[in-house]
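Survey of secondary and tertiary structure
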Amino acid sequence: AQSVTQLGSHVSVSEGALVLLRCNYSSSVPPYLFWYVQYPNQGLQLLLKYTSAATLVKGINGFEAEFKKSETSFHLTKPSAHMSDAAEYFCAVRGRGANSKLTFGKGITLSVRP
Amino acid sequence: GEEVAQTPKHLVRGEGQKAKLYCAPIKGHSYVFWYQQVLKNEFKFLISFQNENVFDETGMPKERFSAKCLPNSPCSLEIQATKLEDSAVYFCASSQGQSNQPQHFGDGTRLSIL
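Bear in mind that the values here come from a model prediction, so they are computed numbers and not experimental data.

1. Observations regarding the layout of surface pockets
Of the pockets and cavities examined, the largest pocket occupies roughly 480 Å³. Around the largest pocket sit 25 residues that line it, and P40(A), N41(A), Q42(A), V89(B) and R110(B) are the ones nearest its centre. Per-element accounting of the lining of the largest pocket gives the leading share, 4 residues, to strand β11 (residues 109–113) of chain B. Its residues assigned to classes, the lining of the largest pocket shows 10 nonpolar, 10 polar and 5 charged. Estimated volume of the second largest pocket: approximately 350 Å³. Around the second largest pocket, the lining comprises 20 residues; the ones closest to its centre are L44(A), E3(B), F105(B), G106(B) and D107(B). Those elements that place two or more of their residues in the lining of the second largest pocket are β6 (44–50) of chain A together with β1 (5–7) and β10 (104–105) of chain B.

2. Looking at the packing of aromatic side chains
Taken as a whole and assessed by the stated rule, the structure comprises 15 aromatic pairs over all chains. Between Y50(A) and F67(A), the aromatic rings sit 4.0 Å apart at their centres with planes inclined by 15°, giving stacked as the arrangement. Here the residue Y50(A) occupies a position in strand β6, and F67(A) occupies one in strand β8 (residues 64–68), the gap between them amounting to 17 residues. With centroids separated by 5.0 Å and ring planes inclined at 90°, the aromatic side chains of F90(A) and F43(B) adopt a geometry described as edge-to-face. Here F43(B) lies in strand β5 (residues 41–50) and F90(A) lies in strand β10 (residues 87–94), a pairing that spans two chains. Note on accessibility: F90(A) and F43(B) belong to one class, buried. A network of ring pairs unites the aromatic residues F34(A), Y36(A), F90(A), F104(A), Y35(B), F43(B), F45(B), F91(B) and F105(B) as a single cluster.

3. Overview of the interface of chain B and chain A
Each side of the interface is counted separately: chain B has 28 residues, and chain A has 24 residues. For the chain B and chain A pair, buried surface summed over both sides reaches about 2000 Å², with 54% attributable to carbon and sulfur atoms. At the boundary of chain B with chain A, the tally comes to 1 salt bridge. The salt bridge involving E42(B) is made with K106(A); its shortest N-O contact spans 3.7 Å. Scanning the region where chain B abuts chain A turns up 7 residue pairs in polar contact (both at pLDDT 80 or more). Sorting the residues of the side of chain B that touches chain A by element identifies β4 (31–38), β5, β6 (53–56) and β9 (88–95) of chain B as the ones contributing at least two each.

4. Looking at the nonpolar core
Nonpolar side chains in soluble globular proteins tend to end up buried together. One finds W35(A), L47(A), L48(A), F74(A), L76(A) and Y89(A) to be the most contacted residues of the largest nonpolar core, which totals 27 residues. Breaking this core down by element, the ones donating at least two residues are β3 (19–21), β5 (32–38), β6, β8, β9 (73–78), β10 and β12 (108–113) of chain A. Sorting elements by how many residues they give to this core places β10(A) first, with 4 residues. When residues no more than four places from it in sequence are discounted, the contact partners of L47(A) are W35(A), Y36(A), V37(A), G59(A), I60(A), N61(A), F63(A), L76(A) and Y89(A). Core analysis: the second largest hydrophobic core is formed by 23 residues, V4(B), V32(B), F49(B) and C69(B) among them.

5. Description of the pattern of salt bridges
Residues and elements named next belong to chain A. One pass over the full model with this rule turns up 5 salt bridges over all chains. Residue E64 is joined to K58 by a salt bridge in which the shortest nitrogen-to-oxygen separation is 2.8 Å. K58 sits in the exposed class, given a relative accessible area of 63%.

6. Section: the pairing of strand β7 (residues 65–68) of chain B
Residue and element names in this part refer to chain B. Of the two faces of β7, only the one carrying F65 and A67 is buried; S66 and K68 on the other face are not. As defined by bridge partners, β7 adjoins strand β8 (residues 75–79) across 4 bridges and the pair is classed as antiparallel. Considered in β8, the bridge of F65 is made with I79.

7. Thoughts on the side chain of Q36(B)
Residue and element names in this part refer to chain B. Tracing the sequence through the fold places Q36 in strand β4. Reaching out from Q36, the side chain makes a polar contact with the side chain of Y90 at a distance of 2.9 Å. Among all residues touching Q36, those that are not within four sequence positions of it are E42, F43, K44, L46, D86, A88, V89 and Y90.

8. Comments concerning the environment of K101(A)
Looking at where K101(A) falls in the secondary structure, it is placed in the loop between β10 and β11 (102–104). Contacts of K101(A), omitting those with residues within four sequence positions, involve V93(A), R94(A), G95(A), F33(B), Y35(B), F45(B), D56(B), T58(B) and Q103(B).

The rules behind these values
- Residues numbered from 1 in each chain as written.
- Chains lettered and ligands numbered in written order.
- Predicted model: local features only at pLDDT ≥ 70, side-chain atom pairs only at ≥ 80, totals over all residues.
- Heavy atoms only, no water.
- 1 Å grid on protein atoms, 1.4 Å probe; cavity = no way out; pocket = protein on both sides within 12 Å on 5 of 7 lines; lining within 4 Å.
- Points joined across faces, edges and corners; volume = space filled by probe spheres on them.
- Helix = DSSP H or I, 4+ residues; strand = E, 2+ residues; numbered from the N terminus.
- Nonpolar A, V, L, I, M, F, W, Y, C, P; charged D, E, K, R; others polar.
- Phe/Tyr/Trp six-rings, centres within 6.5 Å; stacked < 30°, edge-to-face > 60°.
- Buried < 20%, exposed > 50% of the residue type's maximum accessible area, 1.4 Å probe, protein only.
- Contact = heavy atoms within 4.5 Å.
- Buried area = accessible area lost by both parts, 1.4 Å probe.
- Salt bridge = Lys/Arg side-chain N within 4 Å of Asp/Glu carboxyl O.
- Polar contact = N/O pair within 3.5 Å; in protein donor to acceptor, adjacent residues only side chain to side chain.
- Core = buried A, V, L, I, M, F, W, Y, C linked by side-chain atoms within 4.5 Å.
- Pairing = 2+ DSSP bridges.

The structure is reproduced here in structure tokens:
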């Protein structure tokens, strides 16, 4: 069984500030981990993925995440927030097997203050 | 195509009516997944397909929900005798054959049950 915990439902930062969105996972097998972003009335867009290669993963729009097995974490960061980053962010875990489903966290709303 | 195409974008039904949603996966993707998103968070897995074969239907409320993926046709998700609690956004996703590949999401169908 797999699960994802995203602590807190809302994060607010000032424009230009560091963005840190936390994600912890539980998995009985080495996981594949993903961060998705959802803008209003849209589907999910892939930000980045961890698939057991490099532990520091760079994604689109300046985001990156670091896989830490000892902490079972996959936190998402961006050095400098932009107004356009305001959205819902979902961390997800996927097991091994081509047909395995995604298990999502509850999501975090990121607000960016001018 | 290069995107997952879901139709319709919005669907309104009276309680007890039937609702049918469609999904065209990305060309070349063998795996299709349906998820239900209630209240802008909480993605719930419904069902997955490998080509036209059901792989995992553990999330489906079987008494009213059914789904198909037939050759040369869009996949479909059908809800018989809809209930108010079925109001949600239904997302379809597709992926290639490797489990480390991400799932690509459509923009969803917003189902409103009145």
